[in-house]
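Architecture at a glance
Residues per chain are reported as follows:
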Amino acid sequence: MKKKVLIVGAGGFIGGFIAEESLRRGYETYCGVRATTSRRFLTDERLHFVTLDFDDAPSLATSLRGALPEGEKWDWIVYNLGATKCTNFLDFNRINYGYLRSFVDALEEAGMMPERLLYMSSLSALGPGDEKNYTPLTADTVPDPNTRYGLSKIKAETMLASRPEVPWIVFRPTGVYGPHEQDYLMMVKCIDRHFDFGVGMKKQMLTFIYVEDLARAVFDALERAPIHKAYIISEPRAYTQEEFRAIVAELLGRKFVVPVRLPLWCAKVVSDVAERIGRVRMKPSTLNSDKFKIMKQRNWACDIAESVKAFGFSPRVDLRTGMTEVIRSWREASRKGGGKC
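Here we summarise the structure given alongside this text.

1. Things to note about the overall build of the protein chain
Of regular secondary structure, the protein chain possesses eleven helices and 13 strands. Rg of the C-alpha trace for the protein chain: 20 Å, near the compact-globule value of 20 Å for 341 residues, within the 12% margin. Structurally, the protein chain occupies a C-alpha span of about 65 × 45 × 40 Å along its principal axes. When burial is assessed residue by residue, the protein chain has 53% of its 341 residues classed as buried. The contacts of the protein chain with a sequence gap of at least 6 include a subset with a gap of at least 24, amounting to 78%. If you sum the accessible surface of the protein chain, you get close to 15800 Å²; carbon and sulfur atoms cover 53% of it. Placing the 50 positive and 42 negative side-chain charges of the protein chain at their respective mean positions leaves the two points 6 Å apart.

2. Quick look at the side chain of Arg116
Among the secondary structure elements, Arg116 is positioned in strand S5 (residues 116-120). Among buried Asp, Glu, Lys and Arg side chains, Arg116 stands out as unpaired, with Glu115 the closest opposite charge at 6.3 Å. At 3.1 Å, the side chain of Arg116 forms a polar contact with the backbone oxygen of Ala221. Looking at Arg116, its side chain comes within polar contact range of the main-chain oxygen of Leu222, at 3.5 Å. Residues in contact with Arg116, not counting those within four places in the same chain, are Asp75, Trp76, Ile77, Pro167, Ile169, Ala221, Leu222, Glu223, Arg224, Ala225 and Ile227.

3. What about a nonpolar patch on the surface?
A cluster of nonpolar side chains, namely Trp265, Val269, Val273 and Ile277, defines an oily patch on the protein surface of about 420 Å² accessible area. Structurally, Ile277 is set in helix H8 (residues 264-281).

Cut-offs applied
Residues numbered from 1 in each chain as written. Predicted model: local features only at pLDDT ≥ 70, side-chain atom pairs only at ≥ 80, totals over all residues. Heavy atoms only, no water. Helix = DSSP H or I, 4+ residues; strand = E, 2+ residues; numbered from the N terminus. Rg over C-alpha atoms; globule rule 2.2 N^0.38 Å. Buried < 20%, exposed > 50% of the residue type's maximum accessible area, 1.4 Å probe, protein only. Contact = heavy atoms within 4.5 Å. Areas by Shrake-Rupley, 256 points an atom, 1.4 Å probe, with all protein chains shown as cover. Lys, Arg positive; Asp, Glu negative; His and termini not counted. Charge placed at Lys NZ, Arg CZ, Asp CG, Glu CD. Salt bridge = Lys/Arg side-chain N within 4 Å of Asp/Glu carboxyl O. Polar contact = N/O pair within 3.5 Å; in protein donor to acceptor, adjacent residues only side chain to side chain. Patch = residues over 30% accessible without salt bridge, like charges linked within 9 Å, V, L, I, M, F, W, Y side chains within 5 Å.

Spelled out as structure tokens, the structure:
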């Protein structure tokens with residue numbers, strides 16, 4: 001019998017690609033979504049949907065039981081739900097930690113603990129790396145997050161680690177990009193307008209993972225990675241801001257791009273102001289104090305040896321190839337009048 005897979009948080013950028021990869025591998029695929037979740041990227045008729053209300057924790061077990069015939073359960077669960085931007089920073093804790101805890105409790109109450117549960121965390125859970133010698137972050141790096149987002153992620157990881165009955169696997173991906181993602185697309189659009197904005201004067205090493213490589217890694221790990229371990233997911237090399245700019249500019253056909261570097265103090269002021277405006281408008285701002293700390297971090301270099309050893313992780317898409325697809329998708333959407341790829 002083919003595996004039953006539940007993807008919680010399937011409606012987002014990454015979730016749609018995970019669902020697509022699950023179908024491609026022939027799994028019976030269920031998408032855990034909220035009633036208000038967009039299904040823009042979940043249109044395949046083979047998908048099954050489970051509506052979950054995380055703000056009503058007692059209802060979760062009932063919803064899970066009702067999604068499958070009595071006595072059945074999902075073989076694997078991918079927990080991809082999370083918030084990356086919040087107006088009220090207490091929401092990071094409520095969503096990234098509290099929702100996961102409620103979901104795990106509901107699985108136990110319903111008697112539906114899977115064979116494996118993969119939790120999508122973040123490289124931000126580790127905090128700043130070595131910014132003097134640029135030593136890569138590794139699976140053995142002691143977490144020391146310096147953002148509210150990173151703290152909520154490591155808190156969720158710690159909760160899983162405290163419950164040995166949960167067969168968890170943790171992924172800590174670096175910056176995820178691809179069609180439909182908007183933050184990196186903003187950088188592409190700036191370079192297309194002949195400007196490349198950066199923060200700080202000191203060298204910064206950036207890492208990336210193409211979304212399809214991440215989706216493939218999810219199922220490679222579910223199929224064969226040891227449980228109760230955390231894995232870094234990244235392309236195996238790092239790029240300087242200058243290398244990123246050169247690749248994107250070449251793909252866009254922009255021969256002249258002006259690099260604009262904001263001093264850290266200036267970027268902090270801009271981020272603080274943007275955050276306050278977001279609070280007034282009750283809408284999360286792309287620039288905020290958390291985002292400033294992420295932009296300020298100089299070393300995002302990663303060592304993926306543990307992932308390679310555990311489940312043969314081998315990204316297929318380098319930054320040039322991935323950005324080619326991002327730009328193609330954006331231009332196609334622009335021609336159709338949508339603007340969003």
